Amino acid sequence: MNEARQERLPQLDIYRALAITGVLHVHSSSFAAGEQALNSPYYYWLNWINIFFKFGTPSFIFLSSFVLFYNYYRRPVTKSLIGSFYRRRLKYILLPYLLASTGYYALTLYVNGILMQHPAENLSSFLGALFSGSAYAHLYFVFISIQFYLLFPLLLKLLQSSEFWVKWAFPFGLLLQWGFIFWNKYQLHIVEKGSLAISYLAYYMLGAYIAVNFEKVKQWLVKPWSGLTALHKRLTVLLFTAWLAAAFIHVQLWYEARRLGNWTDSLWYELLWNVHTLLSALVLLYVTFLLYRKAPRWLVAFLTRLGELSFAIYLIHPLLLAVYRRFRYGISPDSLLYVGFIYGGLLVALAGSWIIVQFAFRRFPLGWIAFGNVPRSLASEAKVKQAGSGQARSEMKGNHGL
């Protein structure tokens, strides 16, 4: 195995930015699309943004797998490597998850007026939520990521052992994921199956396959349209066409169910979500590299910083949304102002989280405990400031001596 580290891909921060934008759209519109605005004349649009942007979390899952296999596939699996891998995940993923779970769960108890009642029951209930990713609605993503990290060394060894497993990684992942879906529907009946990593195995395996074969895929991503072969052009058009078709059918299926009450078999919702979001993961990958090449530098810089802060923003934004929603007062869901209120929540969640997280990373050396790994750019700024202050102290000492 070649131990050389892979080339860093700065484009992936843009990918993270697009994914967190999807998450913010879904969460800011969830209450409106789910129940509050069912009779609004603007409901189609509210439902549209709630369903169309559901690619956010699955895209993060795909990217997590891609990054891990991209960085580790060509390195020998040693005790030192695995130890380093788990130390980083413990420090930058598990600790923030534990802190976020504790904070959100305590806040929920406080809002419901039962924080100081039945402490033994509350503790038992919290531990159950902690080990199921349900301390708050969005924390399931971190919980399934932890499950994947536990499986990663085994999957890495498996894919390293034979080209056969690399070639069939995605089909096998899709087969196992859907096998679990059918098993759960007809026998297990696990309500919170979204908190289990096997529900996303196809995304993990698609990320792994593309990471291992990235040198081939990269040609499609980095070349301008004029430089692509005729086959690549046709496949790109087919990808975007299929993605838009799946997305709009997915949106319409949920509109029919929510607004008109025309519910159908749950497997159709599962299938449309799966096709829509799997294709989204590939579309976002293409768009990411396109933006990095073609977008204005200010936009690239904006998206890069957003991507760097995306994990921390993911952790904290529901808190800001919860506070924001308490100020709706008399805005009717039937008014256009209500649509503006929904987008206002998105902007408050994004801007507020960004400000809080960036301030924490810059001002508090232990900010990583709450928000994960300090972004490369902010870490560089801190080093520059530290070096500058050190130089200033040195100059002051020199002046004092003189």
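Calculation criteria
- Here, residues in each chain are numbered from 1, in the same order as that chain's written sequence.
- A pLDDT threshold of at least 70 governs which residues receive local features in this predicted model, and a stricter bar of 80 or more applies before side-chain atom pairs are shown or counted, although totals over entire chains, interfaces and linings include all residues.
- Computation of side-chain values covers all heavy atoms of the structure but excludes hydrogens and water.
- Secondary structure elements follow DSSP: runs of H or I of four or more residues count as helices, runs of E of two or more count as strands, with numbering from the N terminus.
- In this description the radius of gyration comes from C-alpha coordinates, and the expected globular size is given by 2.2 Å times residues to the power 0.38.
- Each residue is placed in one exposure class: buried if its accessible area under a 1.4 Å probe, protein chains only, is under 20% of its type's maximum, exposed if it is over 50%, and partly exposed if it falls in between.
- Residues scored as positive are Lys and Arg, those scored as negative are Asp and Glu, and His as well as the terminal groups of each chain are ignored.
- Every charge is mapped onto a representative atom, which is NZ of Lys, CZ of Arg, CG of Asp or CD of Glu.
- Note on definitions: salt bridges are taken to be side-chain nitrogens of Lys or Arg within 4 Å of carboxyl oxygens of Asp or Glu.
- The span one expects for a helix is its residue count, reduced by one, times 1.5 Å.
- Whenever a helix is involved, its axis is fitted only over the stretch in contact; in every case the axis is a line through C-alpha atoms, and angles between N-to-C directions fall within 0 to 180 degrees.
- For classification purposes, angles smaller than 35 degrees are called roughly parallel, those larger than 145 roughly antiparallel, those between 65 and 115 roughly perpendicular, and all remaining angles oblique.
- The contact definition used throughout considers only heavy atoms, calling two residues in contact when any of these lie within 4.5 Å.
- Following the grouping adopted for this structure description, the nonpolar residues are Ala, Val, Leu, Ile, Met, Phe, Trp, Tyr, Cys and Pro, the charged ones are Asp, Glu, Lys and Arg, and the polar ones are all others, Gly among them.
- Note on terminology: a nonpolar core comprises buried Ala, Val, Leu, Ile, Met, Phe, Trp, Tyr and Cys residues joined through side-chain atoms within 4.5 Å.
- Aromatic pairs are defined between Phe, Tyr and Trp rings, using the six-membered ring for Trp, whenever the two ring centres lie within 6.5 Å; interplanar angles under 30 degrees are classed as stacked, those over 60 as edge-to-face, and all others as tilted.
- A ring is considered to have a charge above it if a Lys NZ or an Arg CZ atom is located within 6 Å of its centre and within 35 degrees of its normal.
- Values of pLDDT, which run from 0 to 100, indicate the predictor's confidence residue by residue.
- N or O atoms closer than or at 3.5 Å make up a polar contact, with two conditions inside protein: a donor-capable atom paired with an acceptor-capable one, and, for residues adjacent in sequence, both atoms drawn from side chains.

Undergrad: Quick question: what am I supposed to make of the overall build of the protein here?
TA: Along the backbone of the protein there are 17 helices and zero strands. Its C-alpha atoms give the protein a radius of gyration of 23 Å, within 12% of the compact-globule value 21 Å for 402 residues. Along the first, second and third principal axes, the C-alpha atoms of the protein reach 85 × 55 × 50 Å. Evaluated residue by residue, the protein yields a buried proportion of 47% over its 402 residues. Positive and negative side-chain charges in the protein, numbering 36 and 15 respectively, have mean positions lying 8 Å apart.

Undergrad: How do you make sense of the pattern of salt bridges when you look at a structure like this?
TA: Pairing is possible between side chains that carry opposite charge, provided their charged atoms lie close to one another. Evaluation of the coordinates by the stated rule reveals six salt bridges. Glu7 serves as the salt-bridge partner of Lys218, at 3.0 Å between the closest nitrogen and oxygen. With Lys218 in helix H10 (residues 214–222) and Glu7 in the segment before helix H1 (11–36), this residue pair connects regions lying 211 residues apart in the sequence. Lys218 gets classed as buried once you look at its relative accessible area, which sits at 16%. With a closest N to O distance of 3.6 Å, Lys185 and Asp265 form a salt bridge. Here Lys185, found in helix H8 (residues 169–188), pairs with Asp265, found in the loop between helix H11 (230–260) and helix H12 (266–294); they are 80 residues apart in sequence, far enough to count as distant. Taken together, the salt bridges that share partners define one network made up of Arg8, Asp13 and Arg16.

Undergrad: Which parts of the structure should I look at to understand unusual backbone geometry?
TA: A negative phi holds for most residues other than glycine; trans holds for most peptide bonds. The phi dihedral of His118 falls on the positive side, at around 50°, and the residue is not glycine. Phi is positive for His189, close to 60°, though the residue is something other than glycine. Along the chain, His189 turns up in the loop between H8 and helix H9 (201–212).

Undergrad: What's the story with helix H3 (residues 56–72) in this structure? I'm lost.
TA: Working note: α-helix, 3.6 residues per turn, so residues spaced by three or four point in the same direction. In a regular helix each residue adds 1.5 Å, so 17 residues correspond to 24 Å; H3 covers 24 Å between its end C-alpha atoms and thus fits that length. Along H3, 15 of the 17 residues are buried, which leaves the element largely enclosed by surrounding structure.

Undergrad: How should the packing of H1 against helix H13 (residues 297–308) be read in this particular structure?
TA: The relative placement of two packed helices is expressed as an angle between their axes plus a distance between the axes. Between H1 and H13, the shortest axis-to-axis distance is 7 Å and the interhelical angle comes to 75°. Here H1 lies roughly perpendicular to H13, going by the angle between them. Two secondary-structure elements touch here, H1 through Asp13, Ile14, Arg16, Ala17, Ile20 and Thr21 and H13 through Val300, Leu303, Thr304, Leu306, Gly307 and Glu308. Counted by class, the contact of H1 with H13 contains six nonpolar, three polar and three charged residues.

Undergrad: Sorry if this is basic, but what is going on with the nonpolar core here?
TA: Counting residues in hydrophobic clusters, the biggest one holds 105 residues, and the most contacted among them are Phe66 and Phe69. A total of eleven residues in this core trace back to one element, the largest contributor, which is helix H6 (residues 140–161). With nine residues, the next largest nonpolar core counts Ala32, Leu46, Tyr324 and Phe341 among its residues.

Undergrad: Got a minute to help me understand the packing of aromatic side chains in this structure?
TA: When we look at a pair of aromatic rings, we describe it by the centre distance and by the angle of the planes. Applying the stated criterion across every chain yields a total of 51 aromatic pairs. The interplanar angle of 10° and the centroid separation of 4.4 Å between the aromatic rings of Trp48 and Phe52 together place this pair among those described as stacked. Of this pair, Trp48 and Phe52 both sit in helix H2 (residues 43–52), four residues apart, roughly one helical turn. Each member of the pair, Trp48 together with Phe52, is buried. Within the aromatic cluster, the residues linked to one another by ring pairs are Trp45, Trp48, Phe52, Phe53, Phe55, Trp220, Phe240, Trp243, Phe248 and Tyr286. Against the face of Tyr149 rests Arg89, its NZ or CZ located 5.5 Å from the ring centre. Positioned above the aromatic ring of Tyr186 is the side chain of Lys185, whose terminal nitrogen or guanidinium carbon lies 5.6 Å from the ring centre.

Undergrad: Can you help me understand the packing of H8 against H9 in this one?
TA: Between H8 and H9, whose axes approach to 7 Å, the crossing angle comes to 175°. Our classification of the angle between H8 and H9 gives roughly antiparallel. For the pair formed by H8 and H9, the contact residues are Ala169, Phe170, Gly173, Leu174, Leu176 and Gln177 on the first element and Leu201, Ala202, Tyr203, Met205 and Leu206 on the second. Its residues placed into classes, the contact of H8 with H9 shows nine nonpolar, two polar and no charged.

Undergrad: I would appreciate a short explanation of the environment of Ala197 in the present structure.
TA: Along the polypeptide, Ala197 turns up in the loop between H8 and H9. For Ala197, the contacting residues outside a window of four places in its chain are Ile144, Gln147 and Tyr204.

Undergrad: What should I look at first to understand the environment of Phe131 in this one?
TA: As for its placement among the helices and strands, Phe131 is situated in the loop between helix H5 (119–130) and H6. As for Phe131 and Phe248, which are separated by 117 residues in sequence, their C-alpha atoms are 35 Å apart.

Undergrad: Help me understand the confidence of the model for the protein, please; the structure alone is not making it clear to me.
TA: Of all residues in the protein, 93% have pLDDT values of 70 or greater, and the mean over the chain is 92. Between residues 389–402, whose pLDDT stays under 50, and residues either more than four places distant or in other chains, the model counts zero contacts.

Undergrad: Teacher, can you tell me more about the side chain of Ser195 here?
TA: If you trace the backbone, Ser195 turns up in the loop between H8 and H9. A distance of 3.2 Å separates a polar atom in the side chain of Ser195 from the backbone oxygen of Ser132. Excluding residues that lie within four positions of it along the chain, Ser195 makes contacts with Ser132, Tyr140, Phe143, Ile144 and Gln147.

Undergrad: I'm lost on the side chain of His276 in this one. Help?
TA: With respect to the secondary-structure elements, His276 resides in helix H12. Relative accessible area serves as the criterion here: at 0%, His276 is assigned to the buried category. Reaching out from His276, the side chain makes a polar contact with the side chain of His250 at a distance of 3.0 Å. Not counting chain neighbours up to four residues away, the residues in contact with His276 comprise Ile51, Phe52, Trp243, Ala246, Ala247 and His250.

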